[in-house]
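Residue-level listing of the chains:
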Amino acid sequence: MPSRAVPPSRRVLLAFAATAVGGGLAGCSDGSGAPASPASSPSAAPASAATTPVAGAGTPAASAVAAGPVEVSRVTFASAARGRQVGMVVIAPGGSRDGLPACLVLHGRGDDAERSVSLLNLDRYLTAALAVGVAPFALVAVDGGETYWHRRASGDDPEKMIIDEVLPRFAGLGLRATRLAATGWSMGGYGALLLARRHPGLVVAVAASSPAMWPSYGASAPGAFDSRADFAAHPVLGTPPVPGVSYRIDCGAADPFLAVSRQAARDLAASEQNFGPGGHTPEYWRSVVPAQLAFLSGALSRAA
C-alpha cells in the first residue's frame with residue numbers, strides 16, 4: 001500500500017529541517033533484532049540555566065531552562081504506581097499555559113524521559129514549530145522503564161502512573177489534562193497506541209514511530225511481556241481503530257518492524273503514514289518529528 005502521509009507546508013518543513021542536528025548514534029540490541037534507542041548527547045541549552053520551582057508539581061526537585069520560545073521543565077516525583085522515583089520533562093511555550101493542550105511522549109526501550117528530549121531534539125523541533133505558526137501545545141515525557149508501557153507481574157505499572165500521577169499534575173503546570181495526544185518510538189510507539197486503546201475518550205491522536213509489535217508472543221522480544229496471557233491482554237496489532245482517535249504511523253523501509261507497522265496503519269485506518277528510507281534509528285525518528293508535530297497539533301486543536 002503506498003504511503004499517503006499528508007505533509008505540513010513546505011515552509012514548515014524547511015523551518016524544521018534547519019533545526020536538525022547531525023551525527024551518528026550507536027545503538028544496542030534490545031533482544032528483538034532491532035537496536036534499542038540509545039542515549040544521545042544533550043541538545044544545546046543555555047549553560048547557566050536558572051533554577052526555578054514548577055508550580056503545583058508536588059516534587060522534591062524541579063527546574064526550568066529556557067530553550068528559545070519554549071521552556072524545558074524537569075520534575076522528579078515518587079511514583080507509587082512504579083514503586084520508585086521517576087522523572088518527567090515538560091517542553092512548553094513560555095508564558096501563560098492556561099489550558100494548553102499536551103502530548104505525552106513515551107520513550108523507547110533503554111531510554112527515559114530526560115534522554116527523550118536530547119535523543120529527538122524535541123525542544124528544538126517544538127521551537128521551530130511555534131516559529132512557523134503551528135498551534136501551541138506541550139510535550140510531556142515520562143519515565144516508563146522497560147515495561148512496554150503496561151502493568152507487569154512485578155507490580156511496576158507505568159499506565160497507572162500516567163493516569164493517576166502524571167495527569168493530576170497537569171493542572172499545576174497549566175496543561176489540559178483531558179483530550180490528550182500521545183507519541184513514541186519503538187517500545188514507546190507501541191505504548192502510545194496501547195494507551196489510546198485502553199483509554200478511549202482521553203487520547204485523541206497518536207503518532208507512532210517504528211512501533212515495537214509482534215504477531216505472536218513467541219515472536220516478541222524477551223522481557224516485553226510476562227507471559228502469553230500478558231501478551232494477549234494488551235493487543236494493538238490486529239485491532240480496529242479507536243473511535244475518535246487519529247493515527248499516524250511512521251517506519252523506515254529498512255526497519256525490522258516495517259511489516260507490522262504497515263499492518264497497524266491498515267488496521268487502524270491511519271490518516272497519515274510514511275514508510276520512506278530509514279532504519280530503527282534515532283536519525284530516522286528525528287526525521288519524522290516535524291510532520292508528527294504538525295499532525296499532533298492539528299488533532300489537539302480540533303479536540304479543543
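Residues numbered from 1 in each chain as written. Predicted model: local features only at pLDDT ≥ 70, side-chain atom pairs only at ≥ 80, totals over all residues. Heavy atoms only, no water.

A. Representation of the packing of helix α3 (residues 122-131) against helix α8 (residues 282-302). Where α3 contacts α8, the axes come no closer than 10 Å and their chain directions differ by 40°. Of the possible angle classes, the one that applies to α3 and α8 is oblique. Here the hand of the crossing between α3 and α8 comes out right-handed. Counted together, Leu122, Tyr125 and Leu126 of α3 and Arg286, Val289, Pro290 and Leu293 of α8 form the full contact between these two elements. Of the residues that constitute the contact of α3 with α8, the class distribution is six nonpolar, no polar and one charged. (Axes fitted to C-alpha atoms, helices over the stretch in contact; angles between N-to-C directions. Helix = DSSP H or I, 4+ residues; strand = E, 2+ residues; numbered from the N terminus. Parallel < 35°, antiparallel > 145°, perpendicular 65-115°, else oblique. Left-handed = near helix turned anticlockwise from the far one by under 90°. Contact = heavy atoms within 4.5 Å. Nonpolar A, V, L, I, M, F, W, Y, C, P; charged D, E, K, R; others polar.)

B. Summary view of α8. End to end, α8 covers 30 Å across 21 residues, agreeing with the expected 30 Å (1.5 Å per residue, within 8%). Maximal helix bending in α8 amounts to about 40°, located at Val289; proline Pro290 follows within four positions. Burial analysis of α8 places 15 of its 21 residues in the buried class, which makes it a mostly covered element. (Expected span 1.5 Å × (residues − 1). Bend = angle between axes of the 7 residues up to and from the residue. Buried < 20%, exposed > 50% of the residue type's maximum accessible area, 1.4 Å probe, protein only.)

C. Focus on the pattern of salt bridges. As enumerated under the stated definition, the model contains 14 salt bridges in all. Between Asp156 and Arg82 there is a salt bridge whose closest N-O contact spans 2.7 Å. Of the two residues, Asp156 is situated in the loop between β7 (138-142) and α4 (158-166) and Arg82 in the loop between β4 (70-79) and β5 (84-93); the sequence distance between them amounts to 74 residues. For the residue pair Asp156 and Arg82, the accessibility class agrees, reading buried in each case. Between Arg248 and Glu272 there is a salt bridge; the shortest N-O distance is 2.6 Å. One end of the pair, Arg248, is in strand β10 (residues 246-250); the other, Glu272, is in strand β11 (residues 272-274), with 24 residues separating them in the sequence. According to the relative accessible area criterion, Arg248 is buried, its value standing at 3%. One network of salt bridges, in which partners are shared, links Arg82, Arg84 and Asp156. (Salt bridge = Lys/Arg side-chain N within 4 Å of Asp/Glu carboxyl O.)

D. Up close: unusual backbone geometry. Although it is not a glycine, Arg179 adopts a positive phi angle of roughly 55°. As for its placement among the helices and strands, Arg179 is situated in the loop between α4 and β8 (180-185). The exposure class assigned to Arg179 is partly exposed, which follows from its relative accessible area of 33%. At Ser186, a residue that is not glycine, the phi angle is positive and equals roughly 55°. Mapped onto the elements of the fold, Ser186 is located in the loop between β8 and α5 (187-198). On the basis of relative accessibility, which here comes to 2%, the residue Ser186 falls in the buried class.

E. Seen up close, the environment of Thr183. Its place among the elements puts Thr183 in strand β8. Under the relative-accessibility criterion, Thr183 is labelled buried at 10%. Separated by 78 residues in the primary sequence, Thr183 and Val105 have C-alpha atoms spaced 5.1 Å apart. In this structure, Thr183 is in contact with Cys103, Leu104, Val105, Leu106, Gly188, Ala192, Ala207, Gln292 and Leu296, ignoring residues within four places of it in sequence. For Thr183, the side chain forms a polar contact with the main-chain oxygen of Ala207, separated by 2.7 Å. (Polar contact = N/O pair within 3.5 Å; in protein donor to acceptor, adjacent residues only side chain to side chain.)

F. Representation of the confidence of the model for the chain. Summary statistics for the chain give a mean pLDDT of 84 and a share of 78% for residues scoring 70 or more. In the predicted structure, residues 1-10 sits below a pLDDT of 50 and forms 23 contacts with residues beyond four places in sequence or in another chain. Across residues 19-33, where pLDDT falls below 50, the model places 37 contacts with residues more than four positions away in sequence or in other chains. (pLDDT = per-residue confidence, 0-100.)

G. Region of the structure containing the packing of aromatic side chains. Throughout the structure, instances matching the rule amount to eight aromatic pairs. Here the aromatic rings of Phe225 and Phe231 are separated by 5.1 Å at their centres, their planes lie at 80°, and the arrangement is edge-to-face. Phe231 matches Phe225 in its accessibility class, with the two residues each being buried. A connected cluster of aromatic rings, assembled from ring pairs, spans Tyr148, Tyr190, Trp214, Tyr217, Phe225, Phe231 and Phe257. A cation over a ring is seen here: Arg169 above Phe77, with NZ or CZ 4.0 Å from the ring centre. (Phe/Tyr/Trp six-rings, centres within 6.5 Å; stacked < 30°, edge-to-face > 60°. Lys NZ or Arg CZ within 6 Å of the ring centre and 35° of its normal.)

H. Region of the structure containing the environment of Arg124. Tracing the backbone through its elements, the reader meets Arg124 in helix α3. Once the C-alpha coordinates of Arg124 and Ile91 are considered, the two residues, 33 residues apart in sequence, prove to be 9.9 Å apart.

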